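# Summary of the model geometry
The residues making up each chain are set out below.
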Amino acid sequence: MLNHLLTTNELKVEEIYQILTEAQHFADGMKWSPEVQMFSANLFFEASTRTKSSFEVAERRLGLKVIPFEVQTSSVQKGETLYDTVKTLESIGVNTVVIRHGQDRYFDELVGKINIPIINGGDGCGHHPTQSLLDLLTIYQEFGTFTGLKIAIIGDIRHSRVARSNADTLTRLGAEVIFSGPIEWFDHHSLSAARFRPIDEAIVEADVVMLLRVQHERHQKKGSYTAADYHSQFGLTLEREKMMKPDSIIMHPAPVNRNVEISDSLVECKRSRIFKQMENGVFVRMAVLKRSLESLKGVYGNETTYSERQLHSI
Amino acid sequence: MLNHLLTTNELKVEEIYQILTEAQHFADGMKWSPEVQMFSANLFFEASTRTKSSFEVAERRLGLKVIPFEVQTSSVQKGETLYDTVKTLESIGVNTVVIRHGQDRYFDELVGKINIPIINGGDGCGHHPTQSLLDLLTIYQEFGTFTGLKIAIIGDIRHSRVARSNADTLTRLGAEVIFSGPIEWFDHHSLSAARFRPIDEAIVEADVVMLLRVQHERHQKKGSYTAADYHSQFGLTLEREKMMKPDSIIMHPAPVNRNVEISDSLVECKRSRIFKQMENGVFVRMAVLKRSLESLKGVYGNETTYSERQLHSI
Amino acid sequence: MLNHLLTTNELKVEEIYQILTEAQHFADGMKWSPEVQMFSANLFFEASTRTKSSFEVAERRLGLKVIPFEVQTSSVQKGETLYDTVKTLESIGVNTVVIRHGQDRYFDELVGKINIPIINGGDGCGHHPTQSLLDLLTIYQEFGTFTGLKIAIIGDIRHSRVARSNADTLTRLGAEVIFSGPIEWFDHHSLSAARFRPIDEAIVEADVVMLLRVQHERHQKKGSYTAADYHSQFGLTLEREKMMKPDSIIMHPAPVNRNVEISDSLVECKRSRIFKQMENGVFVRMAVLKRSLESLKGVYGNETTYSERQLHSI
């Protein structure tokens, strides 16, 4: 039974805690690599710096050999299907693939037919499970629990790959999620996942202020704001930051539009965990890759160093 | 004396058997790597998933360090010649280059002037020797001989990189080659290499049905077929597959146009060796790279594991 | 205190000699690699074969893991700033970055805010310090000194990344620099760095004839020459080569426009050090990377082999 990672919704609460614990071990210095030489490939059909680079680092830290794949110089240009591309990589000996693709649930046509684990690096407006998991790790490191936390997710929930799945998952883990942002960007479906609050109330209540990126490319016609308008009405301004609770933190999946979602000078302020999230991304991806590779028949790994410190209270 | 690999025509029969034997050893688990750190680079001036990825895996299995090269971000954009590009890579310490290039016999301007072995990953409509060799390995694994086999090559022989050189080589090895496909796609030259048979006769006679990819980009004006027309007239339909001899096999260099050259449901049928060909591609490329590197002065390798099983009857 | 490498102007004479000595050690077979796994990334916002490949080889020779970065598939496409891109790479564990960027002094916005060393692979029309250093190493290997040498730099000084900084540095090291080329391509500023001589006088005087690439893309309107005109008026023709002093050498940063800056048949003539420069580029970059990595807190390396031969007279 292959351990793909497709969505966080499909992960049981105990599986989430297992991945977070393993990720924290990696953060604490644990090393692991498969006993035999293994290969991975990263198929990014959409632009990415952070996610792709983060997987590239994670893979090399696990001792994997990474086979380069660039969409624009691949046979996808000759009309090859995603299935045939992945099956080809499987045939030549690639042991796991990470895929980012613009189509929602692109993986439905692969699962059950491909014999290597698939790790979803983002699909359409749907899911981005390693982003969700790194958000969870960052919150857990801060508070040692999810129970009773208030998480405000602010921005374009409808087009966000992570907002709804984060909301679902955080709720399952015992947190309370609040949505905020331009009300006209919300539809019935997105509002069903959490209650809506105006930004100035959301900011005051939240333990975690999770800002979403304004995707300019999706808002060019109606309901669009200038950068300055968005910032003053829905952004984390210097004034709003002062209204935040003591010990509350700021998160953002990045890339940040400085002075739109968040004031330039807050990006690296004391409350900000934005670059911490990126650090954690590598550890979460190492844990997810290890989990996938271990689900392949006959794969064993060497844990060569081990730190005793564990994720608190698990 | 450098062992380039430029065309299969230049390989003697005994050299072909040597490469296939070595490839089979790799398939059986042999490991080999050069004693000192060595570098390769893959210069693909045309799109490719399979060939490029296959070389990337083969190189890493031999312990080579692969220097990335992307045409669109190279000095080729500033008008640098192929010779100067390859000479540059030689100067900075690259020990072998794999090249795919749109120009027929691009390597003629390099051989004799470059001091590192060149492996042809496909030139113009000319040659694609590692594809030929992986076809040969796949056939040999199946039948244990080439003598007396009937091989039907079906499709656009004239524009195929492998059809004519496969036909020459298979004939030299003792097999009989039959051509089929749209007769108007054949010219005098291509017909001189083998006899032509209508598809329904070719299919019935053949031990190996080798389908060629329809290169849509080359047939947009005259002599073009719709996908459905091509499939019903010249494709491997479900009906035609039933006419094939017992124990005969299906091959295709891929990427496949599903329901054009071959019915979608036959791509992974019991007779199909299409994904087996891709597997074999890695072993053939390992053998070819080893052969080239060993021709460099002072290069020795370590054979660290060895399987006793040999390619039958060689 | 991080050892960036931004410009040669900022390097003291003793630092230049330190880098050249270390580079010569690498040329003589010294090996060095950091004790722990370290990561680099090469951010090339402009086309390059030589410089990028040379860094790729140098990094692997030092045992670094190289994280691939392609501008056209990165979040730079979503408008991410250079600072945020580099900070991201720092956050995910990259230990040093090499950057080539079209903007003059792009690094001014990074230094002091980024906690990993930056190695300038070329900025705008400004600097290209590893090119300068490899030029210096090549000259030093030839003559064992800089004192009293006459170096003629010929071509488009104004648009050259290396000409002016080479001129400054060579002068500081005790050499005399002469400029030549189309007088209308010189401005007051470039002429202040060295005296100008007509080409036929410069060639006769020089110990080193350093040709610059004609950057066709920058000379399409005024002051432009046909290739043949440039060659006969300002290029190194067969006739001019015969006028050169005994033991004088020819250099060019490449890519060469054959039969423009230099006659085709002189590119690999006995006097030419053009491909030697490329070889030296790898050793210089190894030295520069080692210097940068050693400036990171807690980084130690293993020198596993060592050649006794030293750069003469240092």
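Residues numbered from 1 in each chain as written. Chains lettered and ligands numbered in written order. Predicted model: local features only at pLDDT ≥ 70, side-chain atom pairs only at ≥ 80, totals over all residues. Heavy atoms only, no water.

## Notes on the relation of the copies chain B and chain A
Each of the two chain copies can be brought onto the other by rotation about an axis and movement along it. Of the transformation superimposing chain B on chain A, the axial component is 0.0 Å and the angular component is 120°, with the fit at an RMSD of 0.0 Å. In the structure described here, the two chain copies are related by an operation that fits a three-fold rotation axis. Distance from the rotation axis, computed per C-alpha, reaches its smallest value in chain B at B:P68: 5.0 Å. Interface overlap between copies: only 9% of the residues of chain B at the interface are likewise at the interface in chain A, consistent with a contact formed by different surfaces. (Least-squares fit on C-alpha atoms with pLDDT ≥ 70 in both. Contact = heavy atoms within 4.5 Å.)

## Considering the interface of chain B and chain A
Listed by partner, the interface residues are 23 residues for chain B and 25 residues for chain A. Summing both partners gives a buried area of about 2100 Å² for chain B against chain A, and 55% of it is carried by carbon and sulfur. Ranking the residues of chain B by area buried against chain A places B:A47, B:T49 and B:R60 at the top, with a combined share of 25%. Between the two partners, chain B and chain A, sit three salt bridges. A salt bridge links A:K87 to B:E268, with the shortest nitrogen-to-oxygen separation between them at 3.9 Å. Linking chain B with chain A are five residue pairs in polar contact (both at pLDDT 80 or more). Breaking the side of chain B that touches chain A down by element, the ones donating at least two residues are α2 (50-61) and α10 (274-294) of chain B. Top contributing element to the side of chain B that touches chain A by residue count: α2(B), with eight residues. Residue classes in the side of chain B that touches chain A are distributed as seven nonpolar, five polar and eleven charged. (Buried area = accessible area lost by both parts, 1.4 Å probe. Salt bridge = Lys/Arg side-chain N within 4 Å of Asp/Glu carboxyl O. Polar contact = N/O pair within 3.5 Å; in protein donor to acceptor, adjacent residues only side chain to side chain. Helix = DSSP H or I, 4+ residues; strand = E, 2+ residues; numbered from the N terminus. Nonpolar A, V, L, I, M, F, W, Y, C, P; charged D, E, K, R; others polar.)

## Re the sheet that holds strand β8 (residues 195-196) of chain B
Residues and elements named next belong to chain B. An order of β8-β7-β6-β9-β10 is seen for the five strands of this open sheet, with the pairing classed as parallel. The open sheet is flanked by β8 and β10 (249-251), the only strands paired with a single partner. Pairing analysis gives five bridges linking strand β6 (residues 150-154) to strand β7 (residues 176-180), with the strands arranged parallel. From the neighbouring strand, I151 faces β7, where its bridge partner is V177. (Pairing = 2+ DSSP bridges.)

## As for the interface of chain C and chain A
Taken together, the contacts link 25 residues of chain C with 23 residues of chain A. Roughly 2100 Å² of surface becomes buried between chain C and chain A when both sides are summed, with 55% attributable to carbon and sulfur atoms. Area buried by chain C at its contact with chain A is led by C:T73, C:K78 and C:I92, which between them contribute 28% of it. The interface formed by chain C and chain A includes three salt bridges. Residue A:R50 is joined to C:E80 by a salt bridge in which the shortest nitrogen-to-oxygen separation is 2.5 Å. Connecting chain C to chain A are five residue pairs in polar contact (both at pLDDT 80 or more).

## Here's the deal with the domain arrangement of chain A
All names here are of chain A. Domain assignment breaks chain A into domain 1 (13-127 + 277-305) and domain 2 (129-273). Summarising the inter-unit geometry, the C-alpha centres of domain 1 and domain 2 are found 27 Å apart. Counting from both sides, the interface comprises 27 residues of domain 1 and, opposite them, 27 residues of domain 2. Roughly 2300 Å² is buried in total at the junction of domain 1 and domain 2, and carbon and sulfur atoms are behind 58% of that figure. Our enumeration of links across domain 1 and domain 2 arrives at zero salt bridges. Taken together, domain 1 and domain 2 are joined by seven residue pairs in polar contact (both at pLDDT 80 or more). Only α1 (13-27), α2 (50-61), β4 (96-101), β5 (118-123) and α10 (274-294) provide two or more residues apiece to the side of domain 1 that touches domain 2. (Domains from an automatic or database assignment.)

## Here's the deal with the packing of aromatic side chains
The final tally for this structure, using the stated rule, is 36 aromatic pairs over all chains. Relative to B:Y230, the ring of B:Y225 lies with its centre 6.2 Å away and its plane at 75°, an arrangement referred to as edge-to-face. By relative accessible area, which is 3% here, B:Y230 ends up buried. Relative to C:F234, the ring of C:Y225 has its centre 5.3 Å away and its plane inclined at 80°; by these criteria the two rings are edge-to-face. What makes C:Y225 partly exposed here is its relative accessible area of 24%. Aromatic rings pair up to connect A:W185, A:Y225, A:Y230 and A:F234 into one cluster. Lying across the ring of C:F55, C:R285 places its NZ or CZ 5.0 Å from the centre. (Phe/Tyr/Trp six-rings, centres within 6.5 Å; stacked < 30°, edge-to-face > 60°. Buried < 20%, exposed > 50% of the residue type's maximum accessible area, 1.4 Å probe, protein only. Lys NZ or Arg CZ within 6 Å of the ring centre and 35° of its normal.)

## Regarding helix α10 (residues 274-294) of chain C
An ideal rise of 1.5 Å per residue puts 30 Å on 21 residues; α10(C) measures up with 31 Å between its terminal C-alpha atoms. The buried fraction of α10(C) is high, at 18 of 21 residues. (Expected span 1.5 Å × (residues − 1).)

## Comments concerning α2(B)
Residue and element names in this part refer to chain B. For α2, spanning twelve residues, the distance from its first C-alpha to its last is 16 Å, which sits close to the expected 16 Å at 1.5 Å a residue. The buried fraction of α2 is high, at eleven of twelve residues. Burial in α2 covers these residues: R50, T51, K52, S53, S54, F55, E56, V57, A58, E59 and R60. Of the residues trailing α2, G63 is marked for its positive phi of about 80°.

## Regarding the relation of the copies chain C and chain A
Once chain C is rotated about the relating axis by 120° and shifted along it by 0.0 Å, it coincides with chain A to within an RMSD of 0.0 Å. Interface overlap between copies: only 8% of the residues of chain C at the interface are likewise at the interface in chain A, consistent with a contact formed by different surfaces.

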